[in-house]
Amino acid sequence: MKTVAPLALVIAFATLSAPAMAQFQKPEDAVKYRKAALTVMANHFGRVGAMANGRVPFDAKVAADSAAIVETMSKLPWEGFVAGTDKGDTRALPVIWTEQAKFKEASERLQGETAKLNAAAKTGNLDAIKTAFGAVGQSCKACHDNFRKE
Ligand code: ASC
């Protein structure tokens, strides 16, 4: 029964390392997932922005619906940043994986600001939305400046 111990180790290792790739069959799927989440977030952030900047008339319900989507989407991209997915159809920089704490901090800053945007949008106060919109935009930019190619 020499194989028992190694097999047990293999199973234990597979179990421990499973969460990182569990939701994605291939690295490209993780890249697609995070880009899709960021695309939906950017679209709805843009709808709020169009109202915050006066490009379209303010509609409190439309703004609140989009802000809620932005907050939800801001939670999603991060699990798609699976180790080794700085290759292929992506602008993700390797620093994401060499400075994971910094990347996590940046992702948490975004999530904090989108929660504030959602709270502001629920009040229906356009000035509060404008302020929160600016803060979310700053956190988008900070992450792009540090963790995204060009
Ligand atoms: C957007 C959008 C982003 C951010 C970023 C802010 O509307 O799609 O990625 O704002 O441009 O600097």
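Up top you'll find the structure we're talking about.
What counts, and where the lines are drawn
The residue count restarts for each chain, going from 1 along the sequence in the order it is written. Local features in this predicted model are restricted to residues of pLDDT 70 or higher, and side-chain atom pairs are both shown and tallied only at a pLDDT of 80 or more, whereas totals for entire chains, interfaces and linings draw on every residue. The basis for every side-chain value is the complete set of non-hydrogen atoms in the structure, without hydrogens or water. Secondary structure elements are defined from DSSP: runs of H or I of at least 4 residues count as helices, runs of E of at least 2 residues count as strands, and each element is numbered from the N terminus. Throughout this description, buried means an accessible area under 20% of the type-specific maximum (1.4 Å probe, protein chains only), exposed means over 50%, and partly exposed covers the range between. In this analysis, two residues are considered to be in contact whenever any of their non-hydrogen atoms come within 4.5 Å of each other. Shrake-Rupley sampling with a 1.4 Å probe provides the accessible areas, and residues are treated as covered by the protein chains on show and by no other component. Near residues are defined by distance, with any heavy atom within 4 Å of the molecule or strand qualifying the residue. Only Phe, Tyr and Trp rings take part, Trp by its six-membered ring, and two of them pair if their centres are within 6.5 Å. Stacked means planes under 30 degrees apart, edge-to-face means over 60, and tilted covers everything else. Look at NZ for Lys and CZ for Arg. If either is within 6 Å of the ring centre and within 35 degrees of the ring normal, a charge sits over the ring.

(A) Geometry of the overall build of the chain. Scanning the chain for helices and strands turns up six helices and zero strands. Starting at the N terminus and walking to the C terminus, you meet the elements of the chain as α-α-α-α-α-α. Counting over 150 residues, the chain shows a buried share of 32%. Here the analysis covers contacts within the chain between residues at least 6 apart in sequence; of these, 73% occur between residues at least 24 apart. Roughly 9200 Å² of accessible area belongs to the chain as shown, and the carbon and sulfur atoms make up 62% of that amount.

(B) Quick peek at the site of the ligand. Contacts to the ligand come from A42, F45, G137, C140, K141 and H144. Protein chains shield 57% of the accessible area of the ligand, which is 310 Å² for the free molecule. Listing elements by their share of the shell around the ligand, those giving two or more residues are helix 2 (27–52) and helix 6 (126–147). In terms of residue count, the dominant contributor to the shell around the ligand is helix 6 (four residues).

(C) The arrangement of unusual backbone geometry in detail. In this model, E150 sits at a positive phi of 30°, which is unusual for a non-glycine residue. Summarising the element assignment, E150 is placed in the segment after helix 6.

(D) Inspection of the packing of aromatic side chains at higher detail. Under the definition given, this model contains seven aromatic pairs. Look at F24 and Y33: their rings are 5.2 Å apart centre to centre, the planes differ by 65°, and that puts the pair in the edge-to-face class. Residue classification places F24 among the buried residues on the basis of a relative accessible area of 8%. Aromatic side chains F103 and F147 sit 5.1 Å apart centroid to centroid with 70° between the ring planes, which places their arrangement in the edge-to-face category. With F103 in helix 5 (residues 100–123) and F147 in helix 6, this pair connects stretches of sequence that are 44 residues apart. The pair formed by F103 and F147 is uniform in burial state, with each residue classed as buried. Linked through ring pairs, W78, F81, W97, F103 and F147 together constitute an aromatic cluster. Between R34 and the ring centre of F81, over which it is positioned, the NZ or CZ distance is 4.3 Å.

(E) The arrangement of the environment of E113 in detail. By the secondary structure assignment, E113 is in helix 5. The buried category is assigned to E113, whose relative accessible area is 17%. Considered as a pair, E113 and E71 are 42 residues apart in the sequence and their alpha carbons are 8.5 Å apart. Residues within four places of E113 in sequence aside, it is in contact with A135, V136 and S139.

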